[in-house]
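Summary of the model geometry
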Amino acid sequence: MKRIWLLLMAAILAFAPITVVAAQDSGAAGEATADNDDDDDDDDDATGAAMVPTAEELTIPKGSELMPASALNGDQIGLPPVSLSSQIVTPLVLGAPDSPFTVSHTDIYLRANQAYRWDIASEGGLEYKLHAPGFFRNVWMNQVVISDLEVHMAGPPAWLEFDATGVITVQFQTTRPGRYDWYVEGLDEEQGMKGTITIVP
């Protein structure tokens, strides 16, 4: 066991200089606009990040909801290629001033092994409890940001609650393909605010 451990450490150290050079090269363009805070994993001010299209803008095969998410292909449906920086998920807006039970869109498609930033906004003036238990448990949660205040977790949130209008930003890394439901708690079928988040290879 000790020999395997030593071989693994030697392999990691052998590739460490390559990793450092690659990181320096990818960050060279952003040095001029780097912010002065100490938060190394916060890319709120990232410019030029790819925007993830809504499901309506993608080429989703008919009947794909009956297939496993791993059978879909991000390139074929039109998702941006995997990148080292966070991509921006099209914001999800819950409610509107004149229609509290509407949502901006219901279905979201993301790639596995990609970092994302997702703004979820409340504009309906009601209390909304957004649940996505399977999704929250199957991604690596980086942080939740509310009014520039950051919450870092060692596990998933139970739900996101909006007691007033505002925006919650969720930063996360997808890990594996899957299809997950999201919904707002406590609504009947006619008022239903729900959808799916599909992670594809």
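Residues numbered from 1 in each chain as written. Predicted model: local features only at pLDDT ≥ 70, side-chain atom pairs only at ≥ 80, totals over all residues. Heavy atoms only, no water.

**As for the environment of M67**
The line we're drawing: A run of H or I in DSSP counts as a helix once it spans at least four residues, and a run of E counts as a strand once it spans at least two, with each numbered from the N terminus. Only heavy atoms matter for contacts: two residues are in contact if any of them lie within 4.5 Å across the pair.
Tracing the backbone shows M67 in the loop between strand 1 (51-52) and helix 2 (74-77). If sequence neighbours within four positions are ignored, M67 has contacts with L72 and R179.

**With respect to the sheet that holds strand 11 (residues 178-184)**
Where we set the bar: Only strands that DSSP links by at least two bridges are regarded as paired with each other. The axes are straight lines fitted to the C-alpha atoms, using for helices just the contacting stretch, and the angles between their N-to-C directions are given from 0 to 180°.
Strands sit in the order 4-12-11-6-9 across an open sheet of five strands; the sheet is mixed. Looking along the sheet, the strands with just one partner apiece sit at the ends: strand 4 (107-111) and strand 9 (160-162). Each neighbouring strand pair of the sheet contributes to a mean axis angle of 15°, computed without reference to strand direction. For strand 11 and strand 12 (residues 194-200), the ladder comprises six bridges, and the chain directions are antiparallel. Note on strand 12: the bridge partner recorded for Y180 is I197.

**Quick look at empty space enclosed by the protein**
The criterion, for reference: Think of a 1 Å grid over the protein atoms and nothing else: a 1.4 Å probe that fits but is trapped marks a cavity, an open set flanked by protein within 12 Å on at least five of seven lines marks a pocket, and residues with an atom within 4 Å of a point count as lining. Grid points are joined across faces, edges and corners, and a volume is the space filled by probe spheres set on the points. Note on residue categories: nonpolar means Ala, Val, Leu, Ile, Met, Phe, Trp, Tyr, Cys or Pro, charged means Asp, Glu, Lys or Arg, and polar means any other residue, Gly included.
Taken as a whole and judged by the stated rule, the model has one cavity of 30 Å³ or more. In this structure, the largest cavity spans a volume of roughly 30 Å³. Surrounding the largest cavity, V52, P53, T54, V89, T90, H105, D107 and I108 form its lining. Among the elements of the structure, strand 2 (87-96) and strand 4 are those that each provide at least two residues to the lining of the largest cavity. Partitioning the lining of the largest cavity into residue classes produces four nonpolar, three polar and one charged.

**Looking at the pairing of strand 6 (residues 128-131)**
Bridge count between strand 6 and strand 9: three bridges; the pairing is antiparallel. Bridge pairing in strand 9 places Y128 opposite F162. Sheet topology note: the strand 6/strand 11 ladder contains two bridges and is antiparallel. Considered in strand 11, the bridge of L130 is made with V184.

**As for a negative patch on the surface**
Put simply, the test is: The patches reported here contain residues having more than 30% relative accessible area and no salt bridge. Joining distances are 9 Å for like charges and 5 Å for nonpolar side chains (Val, Leu, Ile, Met, Phe, Trp, Tyr). For the area figures, the Shrake-Rupley method with a 1.4 Å probe applies, and any residue is considered shielded solely by the protein chains shown. By definition here, a salt bridge exists when the distance from a side-chain nitrogen of Lys or Arg to a carboxyl oxygen of Asp or Glu is within 4 Å. Positive residues here are Lys and Arg, negative ones are Asp and Glu, while His and the chain termini are left out of the count. Working definition for charges: the position is that of NZ of Lys, CZ of Arg, CG of Asp or CD of Glu. Whether a residue is buried, partly exposed or exposed follows from its accessible area with a 1.4 Å probe, protein chains only, as a fraction of its type maximum: under 20%, in between, or over 50%, in that order.
Taken together, the side chains of E127, E161, D163 and E185 define an acidic patch exposed on the protein surface. Take E185: it is sitting in the loop between strand 11 and strand 12. The exposure class assigned to E185 is partly exposed, which follows from its relative accessible area of 37%.

**What to know about the packing of aromatic side chains**
We apply this condition: Only centres within 6.5 Å qualify two rings of Phe, Tyr or Trp (six-membered ring in Trp) as a pair; their planes then separate them into stacked at under 30 degrees, edge-to-face at over 60, and tilted for everything else.
Within the structure shown, the criterion is met by five aromatic pairs. Measuring from ring centre to ring centre gives 5.2 Å for F135 and F172, while their planes differ by 85°; the resulting arrangement is edge-to-face. Remark: F172 occurs in strand 10 (residues 166-174) and F135 occurs in helix 3 (residues 133-137); sequence separation between them is 37 residues. Here the aromatic residues Y116, W118, F135, F136, F172 and Y180 are joined through ring pairs into a cluster of three or more.

**Let's talk about the nonpolar core**
Side chains that are nonpolar tend, in soluble globular proteins, to be buried together. Under the convention used in this document: In these notes, a set of buried Ala, Val, Leu, Ile, Met, Phe, Trp, Tyr and Cys residues joined through side-chain atoms within 4.5 Å is what counts as a nonpolar core.
Counting 36 residues, the largest nonpolar core has L94, L110, W118, I120, F135 and F172 as its most contacted members. Ignoring any residue separated from it by four or fewer positions in sequence, one finds F172 in contact with V89, L110, Q114, A115, Y116, W118, F135, V139, W140, M141 and N142.

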